[in-house]
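# Descriptive analysis of the structure
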Amino acid sequence: MKPNLLIATLLLAGSLFITTAARADSPVTSTPFANAYLDLGVVSNSLETGMLSLETAQFLSSWDVPVDAKAAVCNALGWDYEGKNNAVRFGWYLSLKYWGEVQVPLTLNERTKEWLSADELMCVGYLMALDDYFHPGRALAWLQAAREKRPESYTIAMIEAIVSGQINFDSDWPSIWNGVEIVLNNESLKMDMRPEAITIICDYMILYQDENGPKG
């Protein structure tokens, strides 16, 4: 792996953007659980910059970092009305790290499922949903692949529930909370997310328990 090449490709990825319409009140955009991880410098920095750096990509790809911290960094990188490209940047990093080549975009296939960790699959999927939150469907396959690889993770299951809620935002509001509730009640999951983060997520998502959804 050549650091200079990684830096160059990450910088080049900065020219790619996705145009989306505004939707500030939705599962992906209204669950800022990164606030429960502000003691981590990488989370605070991601909130400030909103752009994936080489150092942040390395953090998301590290085996030594807890999965909930990685999810918090993705959450902190955030979303924008005009779209973001953090998933593309992370995909470039991963393809260079594992195969020494750039895939544009990184695709979900048997090779990526085999080589990428469950955490990396989760990060790609969650970043996709945040980058283009008006079209989150493609992200779900990555999150499902992450769950297949690490089915015991509470964090991965919760991120999948959030993104599934985003997909159902236009059609089935009660299912948004139901998906989160299933995770909350699943005693087979390993609790690998901070309670404060779960509270932030639930405080918003439970508003969809009422078929009229959030007010205001």
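As a reminder, the structure under discussion sits directly above these lines.
Read on for a plain summary of the structure. Remember, predicted model here, so these are calculated numbers, not experimental data.

Contact pair helix H9 (residues 154-167) / helix H10 (residues 173-184): the axes reach a minimum separation of 8 Å and the direction vectors enclose 170°. With respect to H10, the element H9 is oriented roughly antiparallel. Across the interface between the two elements, Tyr154, Ala157, Met158, Ala161 and Gly165 from H9 touch Ile176, Gly179, Val180, Val183 and Leu184 from H10. When grouped by side-chain class, the residues that make up the contact of H9 with H10 number 8 nonpolar, 2 polar and no charged.

Opposite charge on two side chains makes pairing possible when the charged atoms of those side chains draw close. A complete count under the given rule lists 7 salt bridges for this structure. Residue Arg194 is joined to Asp39 by a salt bridge in which the shortest nitrogen-to-oxygen separation is 2.7 Å. Pair noted here: Arg194 is in the loop between H10 and helix H11 (195-205) and Asp39 is in the loop between helix H1 (3-12) and helix H2 (41-49), with a separation of 155 residues, a long-range link. Among the residues examined, Arg194 registers a relative accessible area of 25% and is labelled partly exposed. Note on Asp39: relative accessible area 56%, which makes it exposed. Here Glu152 ties to Arg150 by a salt bridge, and the two come within 3.7 Å at their closest N and O atoms. Look at Glu152 and you get partly exposed, because its relative accessible area is 34%. A cluster of three or more residues bridged by salt bridges with shared partners is formed by Lys70, Asp119, Arg150 and Glu152.

Let's shift gears to the packing of aromatic side chains. Enumeration over the complete set of coordinates arrives at 12 aromatic pairs. Ring centres of Phe169 and Tyr208 lie 6.2 Å apart, and the angle between their planes is 70°; this geometry places the pair in the edge-to-face category. One end of the pair, Phe169, is in the loop between H9 and H10; the other, Tyr208, is in the segment after H11, and 39 residues separate them in sequence. Of the two residues, Phe169 and Tyr208, both sit in the buried class. Geometrically, the ring pair formed by Tyr204 and Tyr208 is edge-to-face, given 5.4 Å between the ring centres and 75° between the ring planes. Overall, Tyr204 belongs to the buried group, its relative accessible area being 8%. Taken together, the aromatic side chains of Trp79, Tyr81, Tyr133 and Phe134 make up a single cluster linked through ring pairs. Here Arg111 stacks its cationic end above the ring of Trp99, 4.1 Å away from the centre of that ring.

About the cut-offs
- Residues numbered from 1 in each chain as written.
- Predicted model: local features only at pLDDT ≥ 70, side-chain atom pairs only at ≥ 80, totals over all residues.
- Heavy atoms only, no water.
- Axes fitted to C-alpha atoms, helices over the stretch in contact; angles between N-to-C directions.
- Helix = DSSP H or I, 4+ residues; strand = E, 2+ residues; numbered from the N terminus.
- Parallel < 35°, antiparallel > 145°, perpendicular 65-115°, else oblique.
- Contact = heavy atoms within 4.5 Å.
- Nonpolar A, V, L, I, M, F, W, Y, C, P; charged D, E, K, R; others polar.
- Salt bridge = Lys/Arg side-chain N within 4 Å of Asp/Glu carboxyl O.
- Buried < 20%, exposed > 50% of the residue type's maximum accessible area, 1.4 Å probe, protein only.
- Phe/Tyr/Trp six-rings, centres within 6.5 Å; stacked < 30°, edge-to-face > 60°.
- Lys NZ or Arg CZ within 6 Å of the ring centre and 35° of its normal.

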